[in-house]
Amino acid sequence: MPNPKLPLPIIVVVIIAVVITSLPPSLASQPSNAPSSSKWAPRFLGKFSTTTPKPRPPHRQQQQPKIRYETRYFAQRLDHFSFTDTPKFQQRYLINTEHWVGAQRLGPIFFYCGNEGGIEWFAENTGFVWELAPRFGAMVLFPEHRYYGESMPYGSEEEAYKNASTLSFLTAGQTLADFAVLITELKRNLSAEGCPVVLFGGSYGGMLAAWMRLKYPHIAIGALASSAPILQFEDIVPTETFYNIVSNDFRRESSSCFNTIKASWDALVTEGQKDNGLVQLTKTFRLCRELKKIDDLSDWLDSAYSYLAMVNYPYPAEFVMPLPGHPIKEVCRKIDDCPDGTSTLERVFEGVSIFYNYTGQAECFELEDTSDVGTDGWNWQACTEMVMPMSSSRDASMFPTYDFNLSSFEDECLKNYNVKPRPTWITTEYGGHDIKATLKAFGSNIIFSNGLLDPWSGGSVLQNVSETIVALVAEEGAHHLDLRFSTKDDPKWLIEQRETEIKLIEGWIEKFYQERKADFGM
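Residues numbered from 1 in each chain as written. Predicted model: local features only at pLDDT ≥ 70, side-chain atom pairs only at ≥ 80, totals over all residues. Heavy atoms only, no water.

> Just checking my understanding: could you explain the overall build of the chain for this structure?
Each helix and strand counted, the chain has 17 helices and nine strands in total. In the chain, buried positions account for 60% of the 522 residues. Across the chain, every contact between residues at least 6 apart in sequence was considered, and the portion connecting residues at least 24 apart equals 74%. (Helix = DSSP H or I, 4+ residues; strand = E, 2+ residues; numbered from the N terminus. Buried < 20%, exposed > 50% of the residue type's maximum accessible area, 1.4 Å probe, protein only. Contact = heavy atoms within 4.5 Å.)

Structure (structure tokens):
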């Protein structure tokens with residue numbers, strides 16, 4: 001039952017949800033008559049942290065507040081779990097102390113768990129933390145995830161990504177240890193050992209925030225884990241949920257739009273098999289280079305629809321691309337409003353142009369993934385411990401039908417990295433099965449926030465576990481929307497959700513101060 005004290009449509013309930021999301025497939029897991037997808041690694045947003053900013057559409061965007069920080073570096077051990085003399089690397093972190101009330105007043109530290117990309121991009125797109133700092137008198141820290149951005153072991157990206165041996169230290173466990181050591185040493189240097197730390201994170205960063213609160217409860221007093229699919233592993237959740245949620249986002253706007261996209265995959269295959277079919281597809285989709293295989297175009301379309309579902313925000317934004325508010329509504333309007341006689345593929349092109357060319361400035365389109373290290377690093381993680389199975393159902397999904405095939409996925413990882421995935425390792429290290437009992441017994445002070453438009457919401461915690469492990473679920477929310485800067489266009493439900501999060505964080509900090517006062521007779 002919804003809690004009457006909380007605003008709708010934010011729903012806070014009482015038992016853990018087992019409704020979950022799904023994830024991109026292995027190349028060889030699809031039937032031969034469907035376009036294959038090379039997007040077998042989890043489709044998070046970190047890849048956009050290395051892309052070139054796109055031109056803004058005129059008079060569309062609200063100016064984002066400027067953030068200020070100092071860039072520093074910390075010498076981290078390459079292997080925290082070995083006592084041999086392993087090399088160190090320079091971990092970059094961003095710090096702002098202008099609002100911090102200081103160590104003597106036990107000023108809190110707001111710590112964002114860096115994701116799979118350059119840390120500046122996450123800092124610039126996590127306005128909630130910056131807006132809270134003055135209110136709480138908090139220091140702000142944004143550490144960079146190892147093997148991303150400038151935080152490269154072995155001195156360079158080329159050396160760090162050389163082979164499976166050099167990449168072997170790119171794990172969530174090593175990263176959480178980086179965070180724990182950085183916090184501990186920084187607090188020691190500032191004589192701030194008594195200052196409470198609150199963790200924040202979105203997407204993969206949200207997973208890290210939740211796991212860190214569980215693995216290092218003495219390091220941080222609580223965590224806001226936004227859009228954090230910690231249950232998207234093994235057989236915990238239905239594998240088809242990710243693509244089902246994406247599909248439902250389109251279907252809710254227009255059934256004809258959904259049907260057009262669903263029919264387009266066969267149309268792609270049919271057209272591509274004709275004489276000069278690839279040439280015609282190159283023209284239809286205004287590609288910069290002649291199309292070599294249908295799979296590349298299929299991946300390009302698949303990515304657009306998935307990312308549109310993630311960033312289906314209620315106002316114009318340029319988080320991944322310059323996009324209008326409610327971008328899926330605009331995509332479907334473009335598809336449906338084409339004149340009678342417009343082909344399925346022409347309609348699809350008009351729709352997908354909202355994602356790839358909302359500014360109208362692109363003369364042609366490159367299908368190649370222009371992000372480099374962000375994608376490579378995450379593909380390695382997906383091939384080792386971040387194994388998130390995904391499939392696409394025949395009826396509920398607008399995508400081609402396929403099943404996840406672990407053997408094919410293993411073959412792909414052996415081919416690309418000479419490693420074999422360990423699909424049960426994450427649940428072994430952090431839990432996942434019977435998550436309600438685990439969190440209730442061993443966890444506290446975690447907010448799991450999710451928007452049901454986000455395809456990753458299905459892999460997260462969608463119901464309350466206890467009084468201190470709370471789920472905030474917004475029916476109209478998308479991928480970690482609550483962590484973004486506030487705007488004049490924020491809907492009422494989003495404003496209310498953030499107020500709820502603030503009250504919960506205030507409660508954590510107040511309780512910490514009270515307990516410390518009692519313990520030390522302050």
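Read on for the rest.
> Looking at this structure, I do not really get the nonpolar core. What am I missing?
Counting 156 residues, the largest nonpolar core has Trp211, Phe250 and Phe285 as its most contacted members. Element by element, the count of residues in this core is highest for helix 10 (residues 294-310), at 10 residues. Split by domain, this core shows at least three residues from each of two domains, domain 1 (70-234 + 425-520) and domain 2 (239-405). Among residues more than four places away in sequence, those in contact with Trp211 are Ala172, Leu176, Ile230, Phe233, Met386, Ile426 and Tyr430. (Core = buried A, V, L, I, M, F, W, Y, C linked by side-chain atoms within 4.5 Å. Domains from an automatic or database assignment.)

> Please clarify how the packing of aromatic side chains should be interpreted in this entry.
The geometry of an aromatic ring pair comes down to the distance between the two centres and the angle between the two planes. Taken as a whole and judged by the stated rule, the model has 31 aromatic pairs. Consider the rings of Tyr112 and Phe142, whose centres lie 5.0 Å apart with planes at 20 degrees: the pair is stacked. Placement of the pair is Tyr112 in strand 4 (residues 109-112) and Phe142 in strand 5 (residues 139-143), with a sequence separation of 30 residues. Relative accessible area serves as the criterion here: at 0%, Phe142 is assigned to the buried category. Here Trp121 and Phe319 contribute two aromatic rings whose centre-to-centre distance is 4.7 Å and whose plane-to-plane angle is 5 degrees, an arrangement assigned as stacked. Of this pair, Trp121 sits in helix 1 (residues 119-124) while Phe319 sits in the loop between helix 10 and helix 11 (327-336), and the two are 198 residues apart along the sequence. For the pair Trp121 and Phe319, one class covers both residues: buried. Among the aromatic residues, those joined into a ring-pair cluster are Phe242, Tyr243, Phe250, Trp265, Tyr305, Phe399, Tyr402 and Trp456. (Phe/Tyr/Trp six-rings, centres within 6.5 Å; stacked < 30°, edge-to-face > 60°.)

> Please explain the environment of Phe89 as it appears in this structure.
Mapped onto the secondary structure, Phe89 falls in strand 3 (residues 88-96). In this structure Phe89 comes out as buried when scored by relative accessible area, which is 3%. Along the primary structure Phe89 and Ala75 are separated by 14 residues, whereas in three dimensions their C-alpha atoms are 5.6 Å apart. Leave out the neighbours within four places in its chain, and Phe89 touches Phe74, Ala75, Gln76, Arg77, Leu78, Arg146, Ser151, Met152, Pro153 and Asp178.

Function cannot be read off these values alone, since they describe shape.
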